[in-house]
Amino acid sequence: MICFARLQFVSPYAFEAMQKVDVVRLAALSDPELRLLLPCLVRMALCAPADQSQSWAQDKKLILRLLSGVEAVNSIVALLSVDFHALEQDARKEQQLRHKAGGSNGESILVSQLQHGLTLEFEHSDPLRRLRLTLSELLAIMNKVVDSNGEFFLKSSELFESPVYLEEVADVLCILQAELPSLLPIIDVAEALLHVRNGDWFLCLLVANVPDSFSEVCRGLIKNGERQDEESVGGRRRTEALRQLCQMNPSQALNIRAMVVEECHLPGLGVALTLDYKPDTADEAVSPLVSYVSGLLLGTNSKVRTWFSMFIRNGQQRESSSVLWQMRRQLLLELVAILPRSRSTHVPNDGDMEEGGGSGYSGLREEYVVKASALLRLYCALMGIAGLRPTDEEAEQLLQLMTSRPPATPAGVRFVSLSFCKLLAFPTLVSTPEQEQLMVMWLSWMIKEEEYFESAAGVSASFGEMLLLVAMYFHSNQLSSIIELVCSTLGMKIAIKPSSLSKMKTIFTQEIFTEQVVTAHAVRVAVTNNLSANITGFLPIHCIYQLLRSRAFTKHKVSIKDWIYRQLCETTTPIHTQLIPLIDAYINSILTPASKANPEATNQPITEQEILNVFQSSAGVRGRQRYSITTQLLILYYILSYEENLLASTKQLALMQRKPKSYSAALMDQIPIKYLVTQAQGLQQELGGLHSALLRLLATNYPHLCLVEDWVCEEEVTGTLPLLRRMMLPSNTCRYTQSQLHQAFQKLPSSSPRLMRILEHLTLLSPGDLIPYAEALTASMALLLEPAVPRRILQTLNKLWMGLNTVMPRRLWVMTVNALQPSAKLLRQQRYTQNDLMVDPLIVLRCDQRVYRCPPLMDIVLHMLNGYLLASKAYLHSHLKETADFDRQSQTVSNLGVPGQPDTPEVTREELKNALLSAQDSAAVQILLEVCLPTSEEQQLGANTESLLRSIRGPLPGKSKQGSLGPSARGSVEDTEPEGGLLSDLREVQCLICCLLHQMFIADPNIAKLVHFQGYPQALLPLTVAGIPSIHICLDFIPELLAQPQLEKQIFAIQLLSYLCTQYALPKSLSVARLAISVMGTLLTVLTRAKRFSFFMPILPCLVAFCQAFPPLYDDVAALLVQVGQVCASDVATKARDIDPLIARLQYLKEKPQGVVTPGGGSSKLTLPQRTAEELGGTDPDVQLCYCVEATFMDIISSTLHGL
C-alpha cells in the first residue's frame, strides 16, 4: 500500500486550468500533473463538442498534440470504446439482484466468478472487464453506505488500495462516472469514496476531471456530515477530504466555510479552512481566524453559537493534534506577536513606573490596539460562552496583554475598558501574588491616567467613569449590577458567579477606592458637555446616579447639588436616558434622610435663583437662548416632581420633625409651564418619556393647565390650516409694535379700521410670537366694552386671546382679570395676583357688568372661571396636605394619651375643604344663572327666557302667567315674539353659560344637586332645561327634593319636573311625575288653607305639562283637580257663594272631556265667565283656587285635543 504522503494531489494551478479550459496552462503542466487529468482531456478530445467555434477547434488541436506523447492515453481511449449502454443495463440488473438477495455478495452479473484477487484480475483484464470490476466494487460500497444508516465503516478493497494501479483505477472511475451519470451520481460516488482508503485522493481526481461539480460535491458532503466532526473517524475523514478539495480550489474555500456555518455541520472544517486561508492582502487589524471565530460566538444566530460552543467544549478533551489545538496555538502566536517586547512576568518597582510614565513601560503599539481588543473579546467569548479552559501559558500571556498600556486614543480607551471588564469577568486569570500586584499597579495607573486619556483621546466616555461606577457597586454590594456592566461593555452575555468577585471587591473597597475617596472623586469629575443619548458608554452621570442611590454623598456630607445643576444645564436632544432617574434619585435624597439616626443628612435643593437663571431667556424673548429647551424642561420636571414628592412625604417628614422648604408661588408664576409643555409636545421622540412625565405632573398639580378645551383649541391654533396661513405671510410684511397697537385701542371707535388691520396681522403669527403683544391686548380690553365697537374686533381679540392661552395661560388670566375690573376698582389700583385668584375664583366674576352682555369677552371670562375653579381645588388640596400632617403631629404631642384626638382635626379640615369647594362651585353657578336673567331694559324690549324653550319645542298650551284666565289671555302672551328674536347678545351669553354649566354638571353631578336644592328663579327653568343637556340627571334627586319640608323647594321640584317631562319624555320621568302627583294629593290633605293656596296656585299649570308629556296621567291629574276643587268648595260652603255649579262643571269635565268642544271645532258647550285679575284679587283664596282648577282643566283638554 502506498503511503499517503507520497500521493500526488491536483495542484490549484492545474485545477484552475481545467476549470477555465486554459490550454496554454495545461500545456505548461508537468507529466505527473497532466497524468491526473487525462480522463477529462481524452473525453474532451474525442467527444463531439457543443462549441463549434474556430477558437475551440484550435484549442482542441493543441489538446490532441498535448495528448499525443502520453502513453496512458491509449488505455483511456480503449475504455471509452466500450458499449456503456449494455454495461449500464447489466449494472442495474445486478442492483436488482442484490436488492432481492438482501445485499449479500452472491452471484454477480457484472463480474463472473473470480479466479484470483481483484488486483490480479484488474491487471489481466481487458478494458470492458476493468470497467465491470470497478463498477461492481463501487456499487457494492454504495449499497453498503445506504444500508449503514449513517454509521461509518471503512471498506477494505484491494482495488482502491494497490499503489501500482491507483492511477488506472482512477481513470476507470472517472470514465464510469462521466459515461453513467444517472447510475453513478457524483455526490453518491463521493460519499462512497470516503469509506475506502485513499478515498480523498480519488475524490480530488474525480472532481478535478469534472470541475463544474466542485460546489455540488462539497455541499453534499457537508449536508451528510456530522454536527461535530472531531468526535468520529468518519467526521475526521470527511473533514480531511473537504480540506483537500479546498486546497485544490482555494478560491472557493470561504464559500465552503459559509456552507459549513449554514448547515451547522463539521465545525472543525470551518476552523481548518480558516487556518489554511491565505488572503491576497493581509489585514493588519484583525486576522481571519479572529474574525471567523468571533463572528460565530458573538453573532446573533444562537443555533450557530451553541453548535460551535459544543465543538470547543468537546475538543478540549482530545489530543493536541486536533483542529481545536491548532486554532489555540495560532491564536496564542498572534497574541504573543502583539505583546510589548518589554513585557515579562516580573513586577517593576515604583521608580520604574514613574520613570516610564504611561507610555514607556510595556506600552502597546498603536497599530496593535484594535487587534488586541479583538483578541480580548474573542478570548472572553471562548472562555465565557464556549467554556474554554485556558492553559497556564495562555492565562499568563492574556494577563500580560490585559495589563499593557495602550496609547491615549479612542481605541486605547476601548482596550482598557475591555481589559478591565475581562479582569472582572475572569478573576481566575490572577492566581499568584505577583500577578495580583501587577493588576493593582495597572488599576492605579488607570486612575492616574484617566483624565489624560479623556483629554488626549477626545472622548466623553472614558474608563475612569467605569472604574468609579464599579467601585460604587462594590461598596453597595450590587454585584449583579457589576455583572450587567461587564456583559454590556464586552457585548456578550457571560455567566459570572457573584462569589467569584469577592477578591476583586476586597481590592477595590480596601486598597484602591474607599467610599470616601469615591464620593470626593465623583464631585470633581467634570460634567459631560452637551450630554445627549448620542453619547454612548459609561459617563459621569452613571456614577453620580449610583452614588445618589446608595446615599454616599449625604453619608459623607459631600454636596452634589452644584454638579447636578451644571449637568442639567449641559444637556441637549435627544435626551439621555439616565437624566430622569438622576433627578428622581436627587429629589429622594433631598427629602428622605440617609438614616433615621441623622435626619439632617440630606442633599440641598437647587436654589430659586439658579432656577430663575435658566428661564431668563425663555418664551417670547428673541435672540439666542443661554440654556437649551432640554435644560428648561428638565428643570421644570425637577420642580414639579419635587413639589409632588414633598406633598407625598409630609407624613414621614412630620414624624421626623422636618419641613423642607417648598418653592414659592412667585417662582412658579415666572416659569412658562404651558409654553414649555407645548414645545415638548413637538419633540416627543427626542425627549423620550419626559413629555409624558410632565403631562402626568401637570394633570395632578396644575389641572387648570390641562383643560380639554385647551387641547382642542391648540389643534386649531397649531394645526395645518394656521400653519399654511403663516407660511403664506410675506417676510417683508409690515410689522406692528406694541405701542402702535396700544394707540389704536386708545382711539376707538374712530380707529376701528386700523385696529382691525393690526389684529388681523397678529392672527397670522404663531402663539409664541404673540407673547410680546399680550400686555397691550389685555390692558385695553375694557375699551372694547364701549358702544359702537365692531363685533369683528371683539371676535378677533377672542381668537388672539385663545392663541395666547396655549402658551402663557396663568399670566394671561391674571392680566385679563385685572383689565376687566369695574372702573371704580381700577381707580383704586387694586391688582389681583395669581394666588388671590386661586384662593377666591369668584373674583373672575367681579368684572365690569358690561362684560355680561359682550359674548366674545364673556367666553374669555367663563374660560378663566373654569380654570380657576380647578386651580382652587388643587391649591386647597396641596395646602391641606402641606399643613395637615404637621398640625396632626403637634396635636398628637399636645394630646398625648387622649385616644381618638389626632384624627379629629384632619377629618374636620377635609370636610371644611369640601364644603368650601362646593360653596365656590354653587356660588359660581348661581351667579351665572343670575346673569342669564334679562335686565329691566331687556324686559322692556321683550326679551323672555322662555323663548329659547319655545323655539325648540313649540308653544306650550298650558303655559300661562299666574292670574291669567282663559285661553284668549294665554294665547295672546304666547303669540308675542320677543323683539330681537334669537340673534341677541343675551341669547349668546345664555348659550355660553349653559355650555359651561353642562361641563360642570358632567364633571361633578353633586354640583347640579346642590344648585337645585338651593333653587333659582322659576323664570330660568325653560332656559336651563333646554340649554343644559346634562340636566336630566335631576330626575335622580327630584324625589329627594320633594321630600324636603320647605314648600318652596317642593314647588321648585314640581316646576322643574314639568319642564323635564316635556323635554325628556322617558319612563323614568313618568314614574317621577306619578310620584309628584301623589305627593300633591298627600299635601292637599295636610296643608292649611293659606299654605294650600300658596302651594297649588304656582303648580297647577305644571299639571298641564304632565298630561301633555304623558297622556296616561290624565285620570290621576283629573282626580287630583276634582279633589282640590272639592276641598276648596267645602271651605267656602258656609259662605253665600254659588260653588255647587262649579263642582258640577268639574265633574262633567272629568267624565266627558270630549263634550267640551263642539264636533266642528267651535266654541265650548260650557262657557266660563271671563274674570279679570282685578276681580279675582279681592275674592276669597279658595274661590280663586277653584277657578284656577277649572282653567287648568280647560288647558289640559285643549292641549290634548290640540295634540290629536
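Treat the numbers as computed from the prediction; the structure is a model and nothing was measured. (Residues numbered from 1 in each chain as written. Predicted model: local features only at pLDDT ≥ 70, side-chain atom pairs only at ≥ 80, totals over all residues. Heavy atoms only, no water.)

A. How the structure looks around the side chain of Arg853. Inspection of the secondary structure puts Arg853 in the loop between helix 50 (834-839) and helix 51 (855-894). There is a polar contact of 3.1 Å between the side chain of Arg853 and the backbone oxygen of Leu933. (Helix = DSSP H or I, 4+ residues; strand = E, 2+ residues; numbered from the N terminus. Polar contact = N/O pair within 3.5 Å; in protein donor to acceptor, adjacent residues only side chain to side chain.)

B. Representation of a nonpolar patch on the surface within the structure. Judged by side-chain polarity, Phe152, Leu154 and Val233 come together as a nonpolar surface patch covering roughly 230 Å² of accessible area. Mapping Val233 onto the fold places it in helix 15 (residues 233-248). (Patch = residues over 30% accessible without salt bridge, like charges linked within 9 Å, V, L, I, M, F, W, Y side chains within 5 Å. Areas by Shrake-Rupley, 256 points an atom, 1.4 Å probe, with all protein chains shown as cover. Salt bridge = Lys/Arg side-chain N within 4 Å of Asp/Glu carboxyl O.)

C. Spatial organisation of the pattern of salt bridges. According to the stated counting rule, one finds 28 salt bridges in the structure shown. Notably, a salt bridge pairs Glu262 with Arg219, separated by 4.0 Å at the nearest N-O pair. In this pair, Glu262 sits in helix 16 (residues 253-263) while Arg219 sits in helix 14 (residues 214-223), placing the two residues 43 residues apart along the sequence. Residue Arg850 pairs with Asp848 through a salt bridge whose shortest N-O separation is 2.9 Å. Arg850 gets classed as partly exposed once you look at its relative accessible area, which sits at 35%. Counted as one network, the salt bridges with shared partners bring together Glu16, Lys20, Asp22 and Arg25. (Buried < 20%, exposed > 50% of the residue type's maximum accessible area, 1.4 Å probe, protein only.)

D. Summary view of the packing of helix 18 (residues 288-298) against helix 20 (residues 323-338). Taken N-terminus to C-terminus, the directions of helix 18 and helix 20 make an angle of 120°; their axes are 10 Å apart at the nearest point. Between helix 18 and helix 20, the angle is such that the two are oblique. Handedness of the helix 18/helix 20 crossing: left-handed. Residue-level inspection shows Leu289, Val290 and Val293 of helix 18 in contact with helix 20, the latter providing Met327, Gln330, Leu331 and Glu334. Split into classes, the residues belonging to the contact of helix 18 with helix 20 amount to five nonpolar, one polar and one charged. (Axes fitted to C-alpha atoms, helices over the stretch in contact; angles between N-to-C directions. Parallel < 35°, antiparallel > 145°, perpendicular 65-115°, else oblique. Left-handed = near helix turned anticlockwise from the far one by under 90°. Contact = heavy atoms within 4.5 Å. Nonpolar A, V, L, I, M, F, W, Y, C, P; charged D, E, K, R; others polar.)

E. Seen up close, the packing of aromatic side chains. Overall, the coordinates contain 12 aromatic pairs when judged by the stated rule. Here Tyr642 and Tyr663 contribute two aromatic rings whose centre-to-centre distance is 5.2 Å and whose plane-to-plane angle is 65°, an arrangement assigned as edge-to-face. Pair noted here: Tyr642 is in helix 35 (residues 629-648) and Tyr663 is in the loop between helix 36 (650-655) and helix 37 (665-669), with a separation of 21 residues, a long-range link. Its relative accessible area of 1% is what places Tyr642 among the buried residues. Ring geometry for Trp813 against Tyr868: centres 5.2 Å apart, planes inclined by 70°, an arrangement best described as edge-to-face. Pair noted here: Trp813 is in helix 48 (residues 809-819) and Tyr868 is in helix 51, with a separation of 55 residues, a long-range link. The same class applies to Trp813 as to Tyr868, namely buried. Grouping aromatic residues by their ring pairs yields a cluster made of Tyr586, Tyr638, Tyr642 and Tyr663. Over the ring of Trp325 we find Arg328, and its NZ or CZ is 4.4 Å from the ring centre. (Phe/Tyr/Trp six-rings, centres within 6.5 Å; stacked < 30°, edge-to-face > 60°. Lys NZ or Arg CZ within 6 Å of the ring centre and 35° of its normal.)

Shape is all these values report; function is a separate question.
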